[in-house]
Amino acid sequence: MEFVCRRCTHFTKTLYHVTTEDGGVVLLNMLVCHSCARAAKRLGLPAVKMEPAKTAVKANRVEAMTGSRSRFAVKSELV
Ligand SMILES: [Zn+2]
């Protein structure tokens, strides 16, 4: 099963979960492909590889929770 990266919109079989928090507030909660996860790590963001079995459920939840392209997108344009 393939998923669409939330950042570059490429199809990927391996999803990475990138999150950032500041004072307990989630600033970023995003599912991305391997290359975007590497980019996130270069920016100092945690990127956790997701298990395929859990991905579908979490992906839906993230979709509902976020909807905004936050700091990650802004930062990566500067790189
Ligand atoms: Zn990507």
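Source: prediction; values computed, not measured.

A. Examining the overall build of the protein more closely. Along its length, the protein carries three helices and five strands. Along the protein, helices and strands appear, N-terminal first, in the series β-β-β-β-α-β-α-α. Going through the 79 residues of the protein one by one, you find that 24% of them count as buried. Within the protein, contacts between residues separated by at least 24 positions form 59% of all contacts whose residues are at least 6 apart in sequence.

B. Structural context of helix α1 (residues 34–42). Among the residues of α1, those classed as buried are Cys36, Ala37, Ala39 and Ala40. The arc that holds every buried residue of α1, seen down its axis, measures 160°, which confines them to one face. Gly44 sits one or two positions beyond α1 and adopts a positive phi of about 85°.

The rules we used
- Residues numbered from 1 in each chain as written.
- Predicted model: local features only at pLDDT ≥ 70, side-chain atom pairs only at ≥ 80, totals over all residues.
- Helix = DSSP H or I, 4+ residues; strand = E, 2+ residues; numbered from the N terminus.
- Buried ≥ 20, exposed ≤ 12 C-beta atoms within 10 Å, placed from the backbone.
- Contact = placed C-beta atoms within 7 Å.
- Arc of directions from axis to C-beta.

Everything listed here is a matter of geometry and, on its own, says nothing about what the molecule does.
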